[in-house]
Amino acid sequence: MRMAKKTLKDVDFAGKRAFVRVDFNVPLQDGVIGDDTRIRAALPTIQAILAAGGSVICASHLGRPKGQIVESLRMGPVARRLQDLLGPAVKVLAAPSVDCELSKGAAKGLQAGHVLLLENLRFHPGETANEPALAQCFADMADVFVQDAFGTCHRAHASTAGTPALLKPAVAGLLLEKEIAAFDMAFGSPKRPVVAVVGGAKVSDKIVVLESLLDKVDTVLIGGGMAYTFLAAAGEAIGSSLCEEDRFAVARSIVDKAKTKGVKLLLPVDHLVADAFAPDAKTQIVEGALPEGWMGLDIGPKTTEIYANELRQAATVVWNGPMGVFEMEAFSHGTSAIAKVLADSDCISVVGGGDSVAAIKKNQVEDQITHISTGGGAFLEMLEGKELPGISALDS
Ligand code: ADP
Ligand code: MG
């Protein structure tokens, strides 16, 4: 839609040092990496630069050290895993110190084919503050900037916004290129009809997302807890379901806006209700008005069928937010059904949001989704139509 950005293809890396902002924010317990998916995901970009004759300076944050050195959040275990994954043909060096000037020395001595992993970026107070001196120090290390950490692109930090403003060329790595391409597919000149599935707990979390989607899609299917604020705002009985009374006006205005724009906006017509917010609560299916004292925790079978039908006719689907409290087995059926319909469909499917991606993984259909976004907050901000500072800093 808005942002054709330069990528690895646009740069000759021979003899060049690349500062690559990666996402190595892996789960770490007592120095042991629980899941190295994020390190593996960064390998293609690193390997492509090395293969082109360049050297790589990898930079990431890890956990939340809040601008101080936290021993348990040092990058040592990540450096060792990166070395294992890249194999003996590639030399991985760990930065000698947190100190940027010292690391700069190591970076400048880097030979082609070598990788230097900097210490945890968030040990520097200047990282989240986007301090110019720190951004300059990072920029001085390299000849090229590569952004491959989509999950932090919505943050204007030194390594995401400051450095690429100073270090040119500044381009997208392979992972970020995929994220951008997925958004272009869904919102650039998408195959229509485009259907958005929006769920989750609260309307207030997703107002801007919904408003922005109305400008782009043909159909919006609403599920999850937020559906009840819409239903209540329309005068329907919702029992003790989640409800944000202070959002009635905005819910009504979204419904009106959809009408004006000719966007089909659907709300659940039946519900799986429970007498308590608990995995072993008493449940029943109800159509229309919810009985007093019962709360809707999943879309009902009729709604599931109506939504599935819309999805089967869609050429492009964007999904954010589960249809029910999918963490509890009893209330996971609507969400699982949506995941399976998407998996079986030939449509272009783009899914993002921490919980929605978890639902896709739980149903083991990752391989059948066109694109699963790696960024929770960043994905939502993209859906909101915002320019992400980490992307807008890159060369067009
Ligand atoms: P994502 O992480 O994909 O962006 P959200 O964080 O917006 O999704 O929403 C996920 C949360 O919404 C889940 O914790 C889920 O239990 C909750 N949720 C879904 N449906 C309901 C409901 N009917 N009532 C209460 N909470 C719900
Ligand atoms: Mg979430």
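You'll find the structure just up there.
Summarised in this report is the structure supplied together with it.

So, how was this worked out
Residues numbered from 1 in each chain as written. Chains lettered and ligands numbered in written order. Predicted model: local features only at pLDDT ≥ 70, side-chain atom pairs only at ≥ 80, totals over all residues. Heavy atoms only, no water. Phe/Tyr/Trp six-rings, centres within 6.5 Å; stacked < 30°, edge-to-face > 60°. Helix = DSSP H or I, 4+ residues; strand = E, 2+ residues; numbered from the N terminus. Buried < 20%, exposed > 50% of the residue type's maximum accessible area, 1.4 Å probe, protein only. Pairing = 2+ DSSP bridges. Right-handed = clockwise from strand over helix to strand, strands pointing away. Contact = heavy atoms within 4.5 Å. 1 Å grid on protein atoms, 1.4 Å probe; cavity = no way out; pocket = protein on both sides within 12 Å on 5 of 7 lines; lining within 4 Å. Points joined across faces, edges and corners; volume = space filled by probe spheres on them. Nonpolar A, V, L, I, M, F, W, Y, C, P; charged D, E, K, R; others polar. Domains from an automatic or database assignment. Axes fitted to C-alpha atoms, helices over the stretch in contact; angles between N-to-C directions.

A look at the packing of aromatic side chains
A full pass over the atoms with the stated rule returns 4 aromatic pairs. Arranged with centres 5.9 Å apart and planes meeting at 20°, the rings of F19 and F145 form a pair that is stacked. With F19 in strand 1 (residues 17–21) and F145 in strand 7 (residues 144–147), the pair connects residues that are 126 residues apart, well separated along the chain. Overall, F19 belongs to the buried group, its relative accessible area being 0%. A network of ring pairs unites the aromatic residues F19, F138 and F145 as a single cluster.

What to know about the pairing of strand 5 (residues 91–94)
Across 4 bridges, the pairing between strand 5 and strand 6 (residues 114–117) is parallel. Note that in strand 6 the partner of V92 across the bridge is V115. Taken together, strand 5, helix 3 (residues 100–108) and strand 6 form a β-α-β motif whose crossover is right-handed.

Digging into the pairing of strand 6
Of the two faces of strand 6, the one holding H114 and L116 and the one holding V115 and L117 are both buried throughout. Strand direction decides the pairing type here: strand 4 (residues 55–59) and strand 6, joined by 3 bridges, are parallel. Paired with I57 across the strands is L116, a residue of strand 6.

A few points about the environment of A281
Tracing the backbone shows A281 in the loop between strand 12 (270–274) and strand 13 (283–287). For the pair A281 and A330, spaced 49 residues apart in sequence, the C-alpha to C-alpha distance is 8.9 Å. Leave out the neighbours within four places in its chain, and A281 touches A274, D275 and A276.

Some words on helix 14 (residues 376–383)
Quick reminder: α-helices carry 3.6 residues per turn. Residues three or four places apart thus point the same way. Taken as a whole, helix 14 has its buried residues at A378, F379, E381, M382 and L383. Tucked into the core, helix 14 has its buried residues touching helix 7 (174–187), helix 8 (203–214), strand 15 (316–320), strand 16 (348–351) and helix 15 (389–392). Positive phi appears at G385, one or two residues downstream of helix 14, with a value of about 85°.

Thoughts on the layout of surface pockets
Roughly 1,200 Å³ of volume is contained in the largest pocket. For the lining of the largest pocket, the elements supplying multiple residues, two or more each, are helix 1 (37–51), helix 7, helix 13 (354–362), strand 17 (371–372) and helix 14. When grouped by side-chain class, the residues that make up the lining of the largest pocket number 11 nonpolar, 20 polar and 12 charged. Both domain 1 (8–177) and domain 2 (190–383) contribute no fewer than three residues apiece to the lining of the largest pocket.

What to know about the sheet that holds strand 8 (residues 170–172)
Strand order across the open sheet formed by 6 strands is 5-6-4-1-7-8, with parallel pairing between neighbours. The open sheet has two edge strands, strand 5 and strand 8, and neither has a second partner. Put simply, the sheet's adjacent strands are angled 25° from each other on average, direction ignored. The strands that helix 1 touches are strand 1, strand 4, strand 6 and strand 7; relative to strand 4, the one it contacts most, it runs at about 155°.

Spatial relationships are all this shows, so hold off on functional conclusions.
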